[in-house]
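If you want the building blocks of each chain, they are given just below.
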Amino acid sequence: MFYRGKYGEGSDGREMASKRQRITDQSSSYYGTSPGSNFMYNPSPYAYISQPPPFPVVRLRGLPFNCSEPDIVDFFHSLDIVDILFVHKNGRFTGEAFCVLGYPLQVDFALQRNKQNMGRRYVEVFRSKRQEYYKAIANEVADSRGESTHHNVPRAKSSDDAKDLAEHTGVLRLRGLPYSAGKDDIMDFFKDFALSEEAIHITLNSEGRKSGEAFVEFASAEDSKAAMAKDRMTLGSRYIELFASSLEELNEAVSRGQ
């Protein structure tokens, strides 16, 4: 059974696990035809005549910590959801998830939801690959057992890997700020560092409203790297994501909101 937009009556998403097993057990031809009747999403029988169809999976980033499977089904309303995999690290939800769709053409429709809101947070949607999804499943199994996958299964590339390898220039980008947050709140968030109001730049969107992002200039690259320890910690009731940035990105973001 495929979900079409909403969970069926009495469904709580528990059959997702059995779907996941079917996905990993079967070949990509499982997605060659659609079980649904909505012609908008049905691939042409000739679309993949010379090669197998791509695996229909997307990755989501920036999900609320209380996000559930029905929230994602509602976010992708009218699309067929086959599986949802929430990503954890050391038993903690990272704000990322993988979503397997009914068939390849639905990926393009899912990408149209990029930077749309789920509650008060905007969610980023990216193309992904079968291998990344499979590796994420293996990591989730190992994480739930308290094991490490470093010696047997390569880890899926994630935003955490990119953050660890990012070059620091002394500037951090903050994402997920409450719209009510001011410079004093950000200074309190980084209370272990000497910051001035002039070093904090809260960005605006094209309508002149707060975007939920900000840039902070630290005294040195070492300070900005040390401040990454605050990544995904809460400010008020929201968790804040931190990213290494640069003066160029800061200036570009500030100029867009002017």
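Bear in mind that the values here come from a model prediction, so they are computed numbers and not experimental data.

Quick rundown of the sheet that holds strand β9 (residues 210-217)? Include the residues and the values.
What the five strands build is an open sheet, ordered β8-β9-β7-β11-β10; its pairing is antiparallel. One side of each edge strand has no neighbouring strand; the edge strands of this open sheet are β8 (200-204) and β10 (233-235). Across the sheet, the axes of successive neighbouring strands diverge by a mean angle of 35 degrees, strand direction being ignored. As paired elements, β10 and strand β11 (residues 238-244) share three bridges and run antiparallel to each other. Bridge pairing in β11 places threonine 234 opposite tyrosine 239. On the sheet, helix α8 (residues 247-256) packs against β7 (171-175), β8 and β9 and is oriented at approximately 145 degrees with respect to β9.

Lay out the layout of surface pockets with the relevant residues and their values.
Its boundaries defined by the atoms lining it, the largest pocket holds a volume of some 510 Å³. As for the largest pocket, its lining consists of 20 residues, and the residues nearest its centre are Lys115, Tyr122, Asn205, Ser211 and Glu213. Looking at the lining of the largest pocket, the elements with two or more residues in it are β6 (121-127), β7, β8, β9 and α8. Top element by residues in the lining of the largest pocket is β9. It accounts for four residues.

What counts and how
Residues numbered from 1 in each chain as written. Predicted model: local features only at pLDDT ≥ 70, side-chain atom pairs only at ≥ 80, totals over all residues. Heavy atoms only, no water. Pairing = 2+ DSSP bridges. Helix = DSSP H or I, 4+ residues; strand = E, 2+ residues; numbered from the N terminus. Axes fitted to C-alpha atoms, helices over the stretch in contact; angles between N-to-C directions. Contact = heavy atoms within 4.5 Å. 1 Å grid on protein atoms, 1.4 Å probe; cavity = no way out; pocket = protein on both sides within 12 Å on 5 of 7 lines; lining within 4 Å. Points joined across faces, edges and corners; volume = space filled by probe spheres on them.

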